[in-house]
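# Examining the three-dimensional arrangement
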Amino acid sequence: MYQMGRNMMLLTGQDREKSLIARLVKKHGRQRSSLIPIMQSVQAECGFVSEFAMQYIADLIGISASEVLGVATFFHFINKKPKGKFIIRLSRDMSSIMKGAKSVARQLENDLGIRFGETTPDGMFTLEWTSCIGMNYQAPAMMVNNEVFSNLTPPKVHRVIEDCRQEFNARRPTVGNVGETYANTLNYTNHEINSGLRRAVSVSPSEVIAELTVSGLRGRGGAGFPTGIKWNLAAKAKGDTKYIICNADEGEPGTFKDRIILGKYADMVFEGMTIAAYSIGAREGVVYLRWEYTHLKPHLEAVLEARRKSNLLGSDILGQKGFCFDIRIHMGAGAYVCGEETALIESLEGRRGEPRNRPPYPAERGLHGQPTVVNNVETLATLSCIVSRGAKWFSSMGTERSKGFKLFSVSGDCSRPGVYELPWGITVDQLLETVGGQGAKAVQIGGYTGQLVPARQFDRRLAYEDLGIGGSIIVYSADRDMLEVAENYLEFFVEESCGQCTTCRVGNQKLLEGIRLLQQGKCSNRYLNDLISLSETVKLASKCGLGQASPNVVIALNAHFKDEIMARPILGAA
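What comes next concerns the included structure. (Residues numbered from 1 in each chain as written. Predicted model: local features only at pLDDT ≥ 70, side-chain atom pairs only at ≥ 80, totals over all residues. Heavy atoms only, no water.)

Attention now moves to the pairing of strand β7 (residues 326–331). Put simply, side chains in a regular strand alternate between the two faces of the sheet. In terms of strand pairing, strand β6 (residues 284–289) meets β7 through six bridges, oriented parallel. Note that in β7 the partner of valine 287 across the bridge is isoleucine 329. Regarding the hand of the β-α-β motif, the stretch spanning β6, helix α13 (residues 297–309) and β7 is right-handed. (Pairing = 2+ DSSP bridges. Helix = DSSP H or I, 4+ residues; strand = E, 2+ residues; numbered from the N terminus. Right-handed = clockwise from strand over helix to strand, strands pointing away.)

Right under this line is the structure:
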């Protein structure tokens, strides 16, 4: 009798789960691209996505359960098992470690009585590490569910935990606490909202593309491809539907400029997307927003709705008959590799975010096999200024090969971290003087996948023709342990590798093992040479930017800091 009662309760629970999933499938649709939004909605209601839920979702949208499981296990923020009511995720990027994240971690473990990766016996708290959450300038920082807390100290962490308990008992929502971000004077503040869009629709689409081409604007994401050329390819490509995607998956550790743009200048980003739609003939736009920026979604939705009411989105925009375009927000689910445009598109289509082989490029065959322009947040905001003020204004700044200005996210060992707009062509020394980082040992340019520049090369320039384009700057002072830096980088790459390429999946693990041997003073010159050889192989044989750049830090340590890393005493020796 007792067993029958248990089974009835179990069936009742599964029936409720089936009813929920059926409603969600009706809301989102049965197409494969709805898979991740459906799982995210199930998780929002149930706390996790059970195996039963995965099977039923698979049945309703017409794919196998193994495919659903494959997608669920790919992304960090899809829970496959129950977790605490409060999931605490502490950022462990290098800027956070430098500012005291380890002390904060000890306080969390002591207060909760658990270690990272565990849940309290009462089911109240789960404690996890996570990668950069876009708060490097206010590190250490953590997320409690979707709320963000920055400038943490052990006493502050204790208060946050107590507040969570009180808010749960009082049935009040948890509210984050984030300080202001320093930014120097940005050209964005002088932009008359929608002036670029109004100017664009007053001329032909081809003239808009020509203006961007002449301006010299190149993508502000990873590849630096000329924006005008990309748009021209998409405009000429044949397709029933064309798409504009804003890549807001700002996952490169040390980068937070896009978060600031979305928070303060979202109108400019959406204006840029609408200009792009007019130029290539697109009708649909998607903002791919990283999960760590969930707290920005209500603000972005409000801005989009205001634009619809002002006839800046929707049908016959600004009175232009037949110019119809709208934008929706798609939440990422936690995968660094989805910052790569083809991996992002795979994710949008409801698949694992694994990079595609190219060609074809997205401008020819992207989302759902249709011509697609993918631009990042900064590119879209900047082009709104260019179309408004003209190519000549923009190209008058910077260098011959690197036109205009660039936003940099600066963190680490400097007195004035924050977001800086600077013209292309400044030296690393000039940058350090601006941000209060004089006396640094090294500077990481372009995030973990960029270049580690030693002090003797601080006369090098931030430009496409020299140090590349990444917007993340991490300053390392003279007393920083460069092996600790390398270990942190490689832990990140091992965690974030999609696993598609053997060289990246296995090679980065071997490089991490080598760095740990160096830390223990147990790495010979011969073994170090083997690590460098392996690094070159990983760079050469990997498909996407992660594997092609992950060994950079090992190569840089060997080239610039070999005396330091080989001088370690053997750990544990008398």
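In this structure, proline 140 follows alanine 139 across a cis peptide bond, with omega equal to 0°. Look at the link from proline 359 to proline 360: it is a cis peptide, with omega at 5°. Counting through the fold element by element, proline 360 comes out in the loop between α14 (341–348) and β8 (372–376). Backbone geometry at asparagine 145 places phi at a positive 55°, although glycine is not the residue there. Mapped onto the secondary structure, asparagine 145 falls in the loop between β3 (142–144) and β4 (147–149). The class for asparagine 145 is partly exposed, based on a relative accessible area of 28%. The backbone of asparagine 311 shows a phi angle near 60°, a positive value even though the residue is not glycine. (Buried < 20%, exposed > 50% of the residue type's maximum accessible area, 1.4 Å probe, protein only.)

Our focus in this paragraph is the state of the cysteines. Overall, the coordinates contain zero disulfides when judged by the stated rule. Cysteine 246 supplies the cysteine sulfur nearest to cysteine 385, a cysteine that is in no disulfide, at a spacing of 15 Å. Free cysteine cysteine 504: the closest other cysteine sulfur is in cysteine 544, separated by 6.3 Å. Take cysteine 504: its relative accessible area is 7%, and that puts it in the buried class. (Disulfide = S-S within 2.5 Å.)

Think of an α-helix as turning once every 3.6 residues; residues three or four places apart then point the same way. An ideal rise of 1.5 Å per residue puts 16 Å on 12 residues; helix α6 (residues 101–112) measures up with 16 Å between its terminal C-alpha atoms. All buried positions along α6 are accounted for by Ala101, Val104, Ala105, Leu108, Glu109 and Leu112. An end-on view of α6 places all buried positions within 140° of arc, on one side of the element. In the core, the buried residues of α6 are packed alongside β1 (86–91), α5 (94–98), β2 (125–130), β3 and α7 (154–169). Phi turns positive one or two residues past the end of α6, at glycine 113, with a value near 70°. (Expected span 1.5 Å × (residues − 1). Arc of directions from axis to C-beta. Contact = heavy atoms within 4.5 Å.)

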